[in-house]
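Tertiary structure, described
Spelled out from the first residue to the last, the chains are:
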Amino acid sequence: MPFTSQIQRQADYHLFSPDTPIVIDNGASYFRIGWAGENDPRVIFRNIVQRPRHKATGETVTVVGDHDPTLLKYFDCTRSGPRSAFDSNVVYQFEIMEYILDFGFDRMGANGSQQINHPVLITECVCNPVHSRSKMAELLFETYGVPSVAFGVDAAFSYKYNQQLGVCARDGLAICPGFTTTHVIPFVDGEPIYKGSCRTNIGGFHITDQLKQLLSLKYPHHANNFTWEKVEDLKMEHCYIAPDYSAEARLFQTGAKEAEDKTRTWQLPWVPPVVEEGPSEEELARKAAIRERQGQRLREMAEAKRSSKINELENELQGLEFLMRQLEEVEEEDIPSFLEETGYLSKQEVEAAHVKAAQALRKAKGEPKGEQIGIEEKTDVSTDEKFPLINVPDELLTPEQLREKRRQVFLKSTNEGRQRAKQRRIEEELERERKIQEDEERRLENPQLYLDQLNGKYRELSEKVEQRKRLKLNGNQTNGGVGRGERLNAAQKERMRLLTTAAFDRGKGEDTFGSRDEDWQLYKMMSKDNDDDDDGVDPDEAELMQVTSRLQEIDPTFVPRVDVGGPSQPAFEVPKFRPLTKEDFQIVLGVERFRCPEILFHPNLVGVDQIGLDEMAGASIRRLSCGSQDLEDRLTKSILVTGGSAFLPGIIQRLEAGIQMIRPCGTPISVFRASDPILDAWRGASYHASSYQFAGQAFTRMDYYEKGEDWLRGYQLRYTI
Amino acid sequence: MEAEVMEAELVLPTHFSFKMAQSYEKYPKGQSSARRFKHLKQIIQAEDFNRYLPDEPNYVNIESPPPLHPCKRICDITGYEAPYVDPRTKLRYANTEVFKIIRSLPNDHVHRYLSLRNAAVILK
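Residues numbered from 1 in each chain as written. Chains lettered and ligands numbered in written order. Predicted model: local features only at pLDDT ≥ 70, side-chain atom pairs only at ≥ 80, totals over all residues. Heavy atoms only, no water.

Here the focus is the interface of chain B and chain A. Of the residues lining the interface, 62 residues belong to chain B; the matching set on chain A comes to 87 residues. Summed over both sides, the interface between chain B and chain A buries roughly 6,800 Å², with carbon and sulfur atoms accounting for 58% of that surface. For the pair chain B and chain A, the number of links is 3 salt bridges. The salt bridge partner of B:Lys19 is A:Asp102, with a shortest N-O separation of 2.8 Å. Viewed at the interface, chain A and chain B are joined by 25 residue pairs in polar contact (both at pLDDT 80 or more). (Contact = heavy atoms within 4.5 Å. Buried area = accessible area lost by both parts, 1.4 Å probe. Salt bridge = Lys/Arg side-chain N within 4 Å of Asp/Glu carboxyl O. Polar contact = N/O pair within 3.5 Å; in protein donor to acceptor, adjacent residues only side chain to side chain.)

On to the nonpolar core, then. When a protein is soluble and globular, its nonpolar side chains tend to lie buried together. Ranked by size, the top nonpolar core spans 77 residues in total, and within it A:Met97 and A:Phe105 carry the most contacts. With 9 residues, helix α1 (residues 94-108) of chain A is the largest single contributor of residues to this core. Once residues within four sequence positions are removed from consideration, A:Phe105 is found in contact with A:Ile22, A:Ile24, A:Ile33, A:Ala110, A:Ile116, A:Tyr144 and B:Phe18. Counting residues in hydrophobic clusters, the runner-up holds 65 residues, among them A:Ile207, A:Leu234, A:Trp266 and B:Leu105. (Core = buried A, V, L, I, M, F, W, Y, C linked by side-chain atoms within 4.5 Å. Buried < 20%, exposed > 50% of the residue type's maximum accessible area, 1.4 Å probe, protein only. Helix = DSSP H or I, 4+ residues; strand = E, 2+ residues; numbered from the N terminus.)

Right, let's get into the confidence of the model for chain A. Residues and elements named next belong to chain A. On average, chain A scores 80 in pLDDT, and the residues at 70 or more come to 83%. By mean pLDDT, helix α11 (residues 369-384) is the weakest element of chain A at 47, and strand β19 (residues 639-641) is the strongest at 92. Scored below 50 in pLDDT, residues 368-383 makes 11 contacts in the model with residues more than four places away or belonging to other chains. Here residues 532-536 is a poorly scored stretch, pLDDT under 50, and it has 3 contacts once near neighbours within four places are set aside; other chains count. (pLDDT = per-residue confidence, 0-100.)

Turning our attention to helix α3 (residues 154-165) of chain A. Residue and element names in this part refer to chain A. Counted at 1.5 Å a residue, the expected span for α3 with its 12 residues is 16 Å, and the 17 Å between its end C-alpha atoms agrees. Three or more residues of α3 are buried, namely Ala 155, Ala 156, Phe 157, Ser 158, Tyr 159, Lys 160, Tyr 161, Asn 162 and Gln 163. Directly beyond the C-terminal end of α3, a positive phi value near 90 degrees is found at Gly 166. (Expected span 1.5 Å × (residues − 1).)

Residue and element names in this part refer to chain A. Helix length check: helix α19 (residues 613-624), at 12 residues, gives a terminal C-alpha distance of 17 Å against a target of 16 Å (1.5 Å per residue), a fit within 8%. The element α19 is largely enclosed, with a buried count of 10 among its 12 residues. Within α19, the full set of buried residues consists of Leu 613, Asp 614, Glu 615, Met 616, Ala 617, Gly 618, Ala 619, Ser 620, Ile 621 and Leu 624. Those residues of α19 that are buried lie in contact with β13 (172-177), β14 (182-188), β16 (198-200), α20 (629-637) and α21 (651-662).

Below, the discussion takes up the UniProt feature "domain: Vps72/YL1 C-terminal" (unreviewed entry) in chain B. Here, the residues flagged by UniProt with the feature "domain: Vps72/YL1 C-terminal" (unreviewed entry) are residues 73-102 of chain B. Across residues 73-102 of chain B one finds 23% helix and 13% strand; the C-alpha atoms that close the span lie 17 Å apart. (UniProt positions renumbered as here; feature names shortened; annotations may be inferred.)

Attention now goes to the pairing of β14(A). Residues and elements named next belong to chain A. Across the 7 residues of β14, 6 count as buried, placing the element largely inside the fold. Here β13 runs beside β14; their pairing, made up of 6 bridges, is antiparallel. Looking at β14, one finds that Gly 172 is bridged to Phe 187. Of the strand pairs in this sheet, β14 and strand β15 (residues 191-192) are connected by 2 bridges, and their pairing is antiparallel. Residue pairing in the sheet places Phe 187 in a bridge with Pro 192 of β15. What sits between the antiparallel neighbours β14 and β15 is a turn of 2 residues, in which Asp 189 has the positive phi angle 60 degrees. (Pairing = 2+ DSSP bridges.)

Let us now look at unusual backbone geometry. Trans is the prevailing form of peptide bonds, just as negative phi is the prevailing case for residues other than glycine. Phi angles above zero are rare outside glycine, and A:Ser88 is one such case at about 60 degrees. By secondary structure assignment, the location of A:Ser88 is in the loop between β9 (86-87) and β10 (90-91). In the Ramachandran plot, B:Lys90 falls in the positive-phi region, its phi being about 65 degrees despite a non-glycine side chain.

This is the structure we're talking about:
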């Protein structure tokens, strides 16, 4: 279950007498503070501090504990991540510790009084280095004016509390998987024997971190969703400890049904894209009707235009015919003057205009092109007459006429060129038609053979094209740095050669590079863009396209081979050419559920070269070297598991099995979980502080200054009251 | 400060009556706190635990020894048992499908998988 913080400001600070100690459980994950003698701590919050900058004012503020992320939007949190006062399980950052203590005392309601006038019992780690201890004492005495201070180990308090509850006996073992470290402490006669204690630097933090990394690597696209807090929630909800890791892993590997049951999926919020419903029947009908009407209107307009144009042309034609008839009646000499009114200069012009008008009329009426060609040829012939001067020999012409003649020659040649091009085009078309015709005939006579041939050709061509593409791609896209052996492309080889020779310092002789223009072409060859340039579409590719289209037409079973881009795609890459479905947004927790907590028992899975929980128990008993079998039996008979990570399901069975393996056969083993693994430490401390012997255990400021550091190092709390 | 921030009391006040020396006096702006305090490694070095008797428990004494059993070899990607190691990337894998996946991983992912196991080679 997720831990919640309670940071309500307490109002009854002044109600407590100065004798009542304040009890602080200073853990690497949570900070718990409260009054001695009570059952629960008053204030609980996450033991982290953030120092973001306020966006508007620019001042740096301090935020203690975890807070509503929406409020943090007013602050610029980029340069300030959450920071902890702890390094492993030892407090070293006392500035942060001060902020945390400030916050804690403030929420206890102390703001308003002169100093913290109560004795303080604070927890620390096992065998805390004296440097940390003294700095903590200094902080409490100097800054807060605390009269007396006592230090204790949280795991010991937890054990004592459970001993009182009857969960465990006076002699026993406390196994405490914490946030950053795991301890095993033997208890003899109710007192912890630190000589026999054992510490491994693996804790809940490492489990969460491992889970976070694994999920981010497995689902790189959803990496943003895996925040630390979210992953911690996932861990608390879904992780468990398998009784036998290998068996469980094999279960998942074979894909048995039990594995399916044990797999949990987390559906990320995902909104399916809105599928536009196909327009309904009525819509379609309505749209079709509108289109029809529009088409009709357009057709009518076109008709009207055409008919009016035809009318015009007919009129013109008639006029011209009339004119021509008139011309025939008129004498030769009178033609120019006669024609002045109409705007035509000579009889030929009139005739030409007449022919053109007739042509246009026929086109407007929509007659087949065959006749048109004939008419065009006729018009071509008539153009010959336009160049009358060409055939006249040079000597007979005046200079002006010569110029005229040259112009006409030029025009005629261009005309002829145009005609020749037209001719060629016509021939090509006929040729293509003929080929298609032949193809059809071949297909009709033997469809199967034709199909096979076509398929074969398709395969060949696609192979060739792909190979070329692959060469080009491999040459350009080498993973990471390009090494000597990976320059497969000839162009790349050439380029590299040029680069090395160009960079090579030509010692002797004059450097004549650049004296000729062609030298600068070298840079063009060196540039990488050159490789990408392709001279248009390869003839192979063009043919391939043709064959594909042909096959698609005639063969219903033909499926063009999709070009596979590059090496095989990784299994967890989201392919882009299909719409994202719900499954893409699901996080599957299968093996990770029991793989991550496994590091408590096998720290070498994360590279920490130390023994795991079950072996630690054995090491601890060994270190104790008590010698008597009886004591050892008593120790294993009452093993208490406490600390935040004790909540993992399956830890009890696993520990039992593990310890059974290392102890001599037949020893009685019983493992219990503490009644409340998280709060028991604080409760034990609170109970201890409320006893009247506590006053003798705490040391005052005077003691601290007089007795010095050595004494502080030897200071140990007595747990048996 | 915005109203809702004030209401939620998000920010730690700078002055407390119960403190004899306030934070802003003790830690003037400018000096980075990171350099002011010794890290655990430095604390351990400074304390020189060799001075003390080997019998007495101290912070360094009570560390766990390395394990006697051979370490468990599990696949880096899937978590199954992994008898094989990829010679190029040094990742452990369980079967051929996983091997295909390993060979198509970007360099960055390979490094991260290795650092999970504390086996990544960091080039400086």
